[in-house]
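Structural characterization, general
One-letter residues, chain by chain:
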Amino acid sequence: MGIIEKMRLDGKAIYVTGGASGIGKSVATALAEAGADVAIVDVNIEGAKKAAQEIAQATGSKTIAVQCDVTKKDEVEAMVAKVVDTYGKLDACFNNAGICLNVPAEEMTFEQWKKVIDINLTGVFLCATAAGRVMLKQGYGSIINTASMSGHIVNVPQPQCAYNASKAGVIMLTKSLAVEWAKTGVRVNCISPGYIGTDLTLNSEALKPLIAKWNDMAPMGRLGKPEELQSIVVYLAGDTSSFTTGSDIVVDGAFTCF
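Everything quoted here is computed from the prediction, not taken from an experiment. (Residues numbered from 1 in each chain as written. Predicted model: local features only at pLDDT ≥ 70, side-chain atom pairs only at ≥ 80, totals over all residues. Heavy atoms only, no water.)

A few words now on the overall build of the protein. The helix and strand inventory of the protein stands at nine helices and seven strands. Taking 258 residues into account, the globule formula puts the C-alpha radius of gyration at 18 Å, and the protein, at 17 Å, falls close to it. Across its three principal axes, the protein shows a C-alpha extent of roughly 45 × 40 × 40 Å. Relative to its full complement of 258 residues, the protein shows a buried share of 50%. (Helix = DSSP H or I, 4+ residues; strand = E, 2+ residues; numbered from the N terminus. Rg over C-alpha atoms; globule rule 2.2 N^0.38 Å. Buried < 20%, exposed > 50% of the residue type's maximum accessible area, 1.4 Å probe, protein only.)

Now the structure itself:
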């Protein structure tokens, strides 16, 4: 069997949070194209249903939609249970749901700070540990979290202290879980995207001036594309990455190199 065949995900069951749009939908599509059965998890259930239907029609994957607020422990545990009930197991997960608020620190309310931390960091913790408990019983599994290059650098000119702190936390959470579970067959990794041109980003009037600034600063002079993250997650979800755990894979067009 060649390496391409080994990288396929046939028969694997995977969930993707924030899967209704953007990076989540793009990665979910790639996982299904690689042969996996994918659960599209999102707080927006109508968006999740639409994405699941589109992916199923395009790939033939057994795809379901699950509504879940990742900040709520009971909903996260119910989501994981539904995925396992549907597919009989959980081979991998992509904990990707997140938000960003650009607010100066001195003006940020506690509620705004808490919302970002709850979704971006606590949500990843709740999903990773709920999935981890299933995988620890199975004796195998791959957990993939979405961090950000913002966990490595302070982005400018936008003020986003809560986002940066949350993503730095995701990186260290990932490494901590990887070490705790290293001998169990459960692997934990994260990806740190740079600026990615999703539909939401590209169509935002508020972000257009920032995009021009980011592109001026970027070594490659452009935003990344959601599909440029697909192969990394497919790799981490599969068996060829069996010695990869505790890694933070930065995909940023060299933005953090200077």
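Moving on, there is more to tell.
On to the packing of helix H4 (residues 73-87) against helix H5 (residues 110-138). Running from amino to carboxyl end, H4 crosses H5 at an angle of 40°, the nearest separation of the two axes being 9 Å. Taken together, the axis directions place H4 and H5 in an arrangement best described as oblique. Both H4 and H5 take part in a crossing whose hand is right-handed. Of the residues in H5, those touching H4 at Lys73, Val76, Glu77, Met79, Val80 and Val84 are Leu126, Cys127, Ala130, Ala131, Arg133 and Val134. Broken down by class, the residue content of the contact of H4 with H5 amounts to nine nonpolar, no polar and three charged. (Axes fitted to C-alpha atoms, helices over the stretch in contact; angles between N-to-C directions. Parallel < 35°, antiparallel > 145°, perpendicular 65-115°, else oblique. Left-handed = near helix turned anticlockwise from the far one by under 90°. Contact = heavy atoms within 4.5 Å. Nonpolar A, V, L, I, M, F, W, Y, C, P; charged D, E, K, R; others polar.)

Three or four residues apart is the spacing at which side chains of an α-helix point the same way, because the helix has 3.6 residues per turn. Residues of helix H9 (residues 230-237) that are buried: Gln230, Val233, Val234, Leu236 and Ala237. Projected down its long axis, H9 shows its buried positions confined to an angular sector of 165°, all on one face. Contacts made by the buried residues of H9 are with strand S1 (13-17), helix H2 (22-33), strand S4 (92-95), strand S5 (141-146), strand S6 (186-193) and strand S7 (248-251). (Arc of directions from axis to C-beta.)

On to H4. Taking 1.5 Å of rise per residue, the 15 residues of H4 would be expected to cover 21 Å, and the 21 Å separating its terminal C-alpha atoms lies within 8% of that figure. Among the residues of H4, those classed as buried are Val76, Met79, Val80, Val83 and Tyr87. Viewed end-on, H4 has its buried residues packed into an arc of 90°, placing them on one side of the element. Exposed and oriented more than 90 degrees from the buried face of H4 are Asp74 and Asp85. Buried positions along H4 lie against S1, strand S2 (37-42), strand S3 (64-67) and H5. Gly88, located one to two residues past H4, shows a positive phi value of around 85°. (Expected span 1.5 Å × (residues − 1).)

Here we come to the pairing of S4. Side chains Ala92 and Phe94 of S4 all project onto a buried face; the interleaved residues Cys93 and Asn95 project onto the opposite face, where all are buried too. In this sheet, S4 lies alongside S1 in parallel orientation, the contact comprising three bridges. Paired with Ile14 across the strands is Ala92, a residue of S4. Here four bridges tie S4 to S5, and the two strands are oriented parallel to one another. Considered in S5, the bridge of Asn95 is made with Asn145. Handedness of the crossover is the feature at issue here: the chain leaves S4, passes through H5, returns alongside S5, and the resulting connection is right-handed. (Pairing = 2+ DSSP bridges. Right-handed = clockwise from strand over helix to strand, strands pointing away.)

Bear in mind that shape data such as this cannot, by itself, settle questions of function.
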